[in-house]
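# Structural overview for review
Now for the letters of each chain:
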Amino acid sequence: MGRPQRILVVDDERHIVRLIQVNLERQGYTIDTAFDGVEALVKMRADKPHLVVLDTLMPVVSGWEVLDAMARDPELCDIPVVLLSVERDIDDDDPRWPPGGKPPNVRLRLFKPFNPGQLLEALQ
């Protein structure tokens, strides 16, 4: 995936965000956080991250809706995404993907609960 420098972590569960943030900062990454999809899109547009770690199920604007917005925005569509989810039935043909199917920027899917080491391994 190539080592990203600045990562945006998006999840409505603050303890998940903190767990990821602490583990990635220990490895030298710069972390920004968002707790819903609206905040995530605002932050992405203001300061484009090198990678987004994105939960699928959030109130206000879901991760699925964020992916759709990213796919339609030429400034955001190429940002790599690690998708976090409790939904274990996600496959490449899932109807919740944006129109056109699974976006090429979705590089990895991690299912909750997960070991932060899995994320760190994928970033190396």
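In the block above lies the structure referred to throughout.
What comes next is a walk through the structure. (Residues numbered from 1 in each chain as written. Predicted model: local features only at pLDDT ≥ 70, side-chain atom pairs only at ≥ 80, totals over all residues. Heavy atoms only, no water.)

## Looking at the pairing of strand 1 (residues 6-10)
Inclusion rule: To sort residues, take the accessible area from a 1.4 Å probe on protein chains only and compare it with the maximum for the residue type: under 20% means buried, over 50% means exposed, and anything in between is partly exposed. A run of DSSP states H or I qualifies as a helix once it reaches four residues; a run of E qualifies as a strand once it reaches two. Both are numbered from the N-terminal end. If DSSP finds at least two bridges between two strands, the strands pair. By the criterion used throughout, a crossover qualifies as right-handed when its path from the first strand across the helix to the second strand runs clockwise, the strands pointing away from the viewer.
Counted residue by residue, strand 1 has four buried out of five residues, so it is predominantly covered. As paired strands, strand 1 and strand 2 (residues 30-34) are joined by five bridges and run parallel to one another. The partner of Val9 across the bridge, within strand 2, is Thr33. As a crossover connection, the stretch from strand 1 through helix 1 (residues 14-26) into strand 2 is right-handed.

## Concerning the environment of Val52
Note the threshold: Throughout, a residue-residue contact means that at least one pair of heavy atoms, one from each residue, lies within 4.5 Å.
Examined against the element boundaries, Val52 turns out to sit in strand 3 (residues 51-55). As for Val52 and Val106, which are separated by 54 residues in sequence, their C-alpha atoms are 9.4 Å apart. The residues contacting Val52, other than those within four sequence positions of it, are Leu8, Val10, Met44, Ile79, Pro80, Val81 and Val82.

## What about the nonpolar core?
Across soluble globular proteins, nonpolar side chains show a tendency to be buried alongside one another. Defined as follows: We call a set of buried Ala, Val, Leu, Ile, Met, Phe, Trp, Tyr and Cys residues a nonpolar core when their side-chain atoms join them within 4.5 Å.
Formed by 20 residues in total, the largest nonpolar core has its most connected members in Val10, Met44, Val52, Leu54, Met70 and Val81. Listing elements by their share of this core, those giving two or more residues are strand 1, helix 2 (37-46), strand 3, helix 3 (63-72) and strand 4 (81-85). No other element matches the five residues that helix 3 contributes to this core. Each residue touching Val81, except ones within four places of it in the same chain, is listed here: Leu51, Val52, Leu54, Leu67, Met70, Asn105, Val106, Arg107 and Leu108. Formed by 17 residues, the second largest nonpolar core is a distinct cluster that contains Val9, Ile16, Ile20 and Leu51.

## Thoughts on the packing of aromatic side chains
Put simply, the rule is: The pairing test for Phe, Tyr and Trp rings, Trp by its six-membered ring, is centres within 6.5 Å, and the orientation test on the planes gives stacked under 30 degrees, edge-to-face over 60, and tilted for anything in between. Ring-over charges, as used throughout, are those where CZ of Arg or NZ of Lys falls within 6 Å of the ring centre and within 35 degrees of the ring normal.
Under the defined criterion, the tally for this structure stands at zero aromatic pairs. One residue, Arg14, lies across the ring of Phe35, its end atom 3.8 Å from the ring centre.

## Focus: the pattern of salt bridges
Which entries qualify depends on this criterion: Salt-bridge detection follows one rule: a side-chain nitrogen of Lys or Arg within 4 Å of a carboxyl oxygen of Asp or Glu.
One pass over the full model with this rule turns up nine salt bridges. Notably, a salt bridge pairs Lys43 with Glu39, separated by 3.5 Å at the nearest N-O pair. Of this pair, Lys43 and Glu39 both sit in helix 2, separated by four residues, roughly a single helical turn. Glu39 sits in the partly exposed class, given a relative accessible area of 26%.

## Some points on the sheet that holds strand 5 (residues 106-111)
For clarity, the threshold we go by: Fitted lines through C-alpha atoms serve as axes, helices being fitted only where they are in contact, and the angles separating the N-to-C directions of these axes extend from 0 to 180 degrees.
Reading across the sheet, the five strands line up as 2-1-3-4-5 and stay open at both edges, with parallel pairing between neighbours. Of all strands in the sheet, those with a lone pairing partner are strand 2 and strand 5, marking the two edges. Taking each pair of neighbouring strands and ignoring which way they run, the sheet shows an average axis angle of 20°. Bridge count for strand 4 against strand 5 is five bridges, and the pairing is parallel. Looking at the pairing, Leu83 lines up with Arg109 of strand 5. Lying over the sheet, helix 1 contacts strand 1, strand 2, strand 3 and strand 4, oriented at roughly 170° with respect to strand 2.

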